[in-house]
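Listed below are the residues making up each chain.
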Amino acid sequence: MRFFDANCMVGELTRPQPSGHVDTVEGLLAELEYFGIAEGLVCHARAAERALDQGNETIVEVLDGHDNLHPAWVIPMHTAVDYPEPERTVAELVEAGVRAVRAWRPPYHGYLADTWALGPLWDALAEQRIPVLVGASDLGRYPDQPGHGFSARNLYDICRSFPTLPVVVVRLNFSAVRVAVPLMRECPNLYAELSFFTTHRGVEFLSREVGAERLLFGSGLPWASPGPAITAVQYALISDEERALIAGENLRELLAGQWHVARSPA
Amino acid sequence: MTTITRTSLHEAAIAGEPLVDVEIIDAHAHLLDERTPGVSFQYTAPEQMIEAMDRIGIDRACISVISSTKANAEMLDAVSRFPDRLVGFVLVNPRYPDEMTSTLDWCFENPAVKGIGEVHPTSYQHWYPVTGPAYEPAWEFAARRNVPVLIHSGPTSEASRCSPTMIGEVARRHPGFPILIGHCGAYDSWSMLDEAIDVALAEEQVYLEISAMARFYGVLEYIVKRLGPDKVVFGSDAPFHDWTAEIAHVACAKLSDRQKAKIFGGTMRALLGEA
């Protein structure tokens, strides 16, 4: 099984956990080896927490020479002001070897999902079929937490507005099943990353309801350990073909600019 | 690059093989309906829960119901049908204090019932302080029989009803039975985790159950470094969380297999009076 981590990060955190965290490329490689993970899609903490351009530049630099680590740039939720020339930005990121971007969670936001507010960059990303991993959605919200990001309605609007854009909900939460399943049925370009999807026999359930081709393994490093997401895939009562898709093949296809149109639910 | 040594339990888990070389007792699981108002669950019939346990190598799970003590009848039915796999824990409700002792007497007639819990003082359930007098019959019953009590604790927003310090107060007032602080007393808070560790260090009868909090990187290693491996027990909170994922918190921790064996089942076996 060739695991490909859709959700990991390097760089110094502003608020590290008392247990420590992986912050260097060397540390990340050691952690991936410990868990038998072949590849990682990696963004930089500096981009996620403080400085987009510096962090995005840094992630490309520090991953240079590591063929199994793939850089992901971080973009703001709304790109109308910051990226007036979206085609140039997309050309730059493609030139830098970036094949996916992450819309990170800002501390304060209005979360408008209208296309005029999201900005022209999303159109350019859709044109190139560059996946957007959305970290701030209410589908990734733990039930004890208040809503802090894109609602299910926002995600629906985004997926319908950009039908050729693969959108990945990061850290799908177990409490979101009742919304996530019908939403994914409605939106064939919506995917779910599973680093925090701990629903009882949930991988089996989602594979049955929306298809294994819509699910991505991710670790959640540096805040979480890769172990639970790996064992959730490995122990799931699904076929080995489905297991391979979730473990890494789906992400490889997404980064290659290909994506499935989900099978229709029965 | 620094290579981290894998243990045999780690190797088996990441390969998806059943963990057959270690006894695994889940100290914290539930018997729930598939359709609850808050969350949709799947495959929650006892037979389906056991199918999931078999896939992973979980020997036994301590199960309890939530909300109404009337549902203890469902727990009793399940542990009667699967006494080798399911251990009964009894739900008590401080909002009906006069029924507490009779509920416990009724349930403990079944030999597969061996504990009390999950005591749930938070707003999710009974919203009553764990130090309040209505819980006294349960503590007295547990002390008389020396049976373990699992008490929910966390998250931060619920600390006014069952913080680790409040559970420590219960322990000081009622020695003589093991108390498991659910979710390491923390759920989502490192400061509450430290508080729970301090309570476990101070009170001989207090143990930490790891579900939910263990999702953060390095939590188990952090606890063992501060508390040692002898007062930490594996719990999943299944079916709120999935055994397939929760098992990794112990199996894949950067600890020795000997330490993992204590956490997985060795300590809980003793707390169930079976050592």
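See the structure above.
Residues numbered from 1 in each chain as written. Chains lettered and ligands numbered in written order. Predicted model: local features only at pLDDT ≥ 70, side-chain atom pairs only at ≥ 80, totals over all residues.

(A) Spatial organisation of the interface of chain A and chain B. Counting residues at the interface gives 37 residues for chain A and 40 residues for chain B. Elements represented by at least two residues in the side of chain A that touches chain B include exactly α1 (25–35), α8 (177–186), α9 (202–209) and α10 (227–235) of chain A. Top element by residues in the side of chain A that touches chain B is α10 of chain A. It accounts for eight residues. Looking at the side of chain A that touches chain B residue by residue, the classes come out as 18 nonpolar, 14 polar and five charged. (Contact = placed C-beta atoms within 7 Å. Helix = DSSP H or I, 4+ residues; strand = E, 2+ residues; numbered from the N terminus. Nonpolar A, V, L, I, M, F, W, Y, C, P; charged D, E, K, R; others polar.)

(B) Region of interest: the nonpolar core. Counting residues in hydrophobic clusters, the biggest one holds 188 residues, and the most contacted among them are V42 and A192 of chain A together with I179 of chain B. Leaving out residues up to four positions away in the same chain, V42 of chain A has contacts with C8, M9, V10, L28, I59, L63, L69, H70, P71 and A72 of chain A. (Core = buried A, V, L, I, M, F, W, Y, C linked by C-beta atoms within 7 Å. Buried ≥ 20, exposed ≤ 12 C-beta atoms within 10 Å, placed from the backbone.)

(C) Spotlight on unusual backbone geometry. A cis amide bond links G117 of chain B to the next residue, E118 of chain B, at an omega of -10°. Take E118 of chain B: it is sitting in strand β4 (residues 113–119).

(D) Broad picture of the pairing of strand β2 (residues 37–44) of chain A. Residue and element names in this part refer to chain A. Among the eight residues that make up β2, seven are buried, leaving the element largely enclosed by the rest of the structure. As paired strands, strand β1 (residues 3–10) and β2 are joined by six bridges and run parallel to one another. Bridge assignment links F4 to a residue of β2, and that residue is E39. Inspection of the sheet shows β2 paired to strand β3 (residues 69–71) by three bridges, in the parallel sense. Of the residues in β3, the one forming a bridge with G40 is L69. (Pairing = 2+ DSSP bridges.)

(E) How the structure looks around the environment of T244 of chain B. Residue and element names in this part refer to chain B. Structurally, the position occupied by T244 is in helix α10 (residues 243–251). Judged by the 30 C-beta atoms lying within 10 Å of it, T244 is buried. Sequence separation between T244 and M53 is 191 residues, and the spatial gap between their C-alpha atoms is 8.7 Å.

(F) Geometry of the pairing of strand β2 (residues 60–64) of chain B. All names here are of chain B. Along β2, five of the five residues are buried, which leaves the element largely enclosed by surrounding structure. The side-chain alternation of β2 yields two buried faces, one formed by R60, C62 and S64 and the other by A61 and I63. Bridge analysis of strand β1 (residues 25–30) against β2 gives four bridges, and the strand direction is parallel. Within β2, the residue paired with I25 across the bridge is R60. With helix α2 (residues 46–56) bridging β1 and the parallel β2, this β-α-β connection has right-handed handedness. The pairing of β2 with strand β3 (residues 86–90) spans three bridges and is parallel. Residue pairing across strands places A61 opposite L86, the latter belonging to β3. Once the chain exits β2 it traverses helix α3 (residues 72–81) before rejoining the sheet at β3, and the crossover so formed is right-handed. (Right-handed = clockwise from strand over helix to strand, strands pointing away.)

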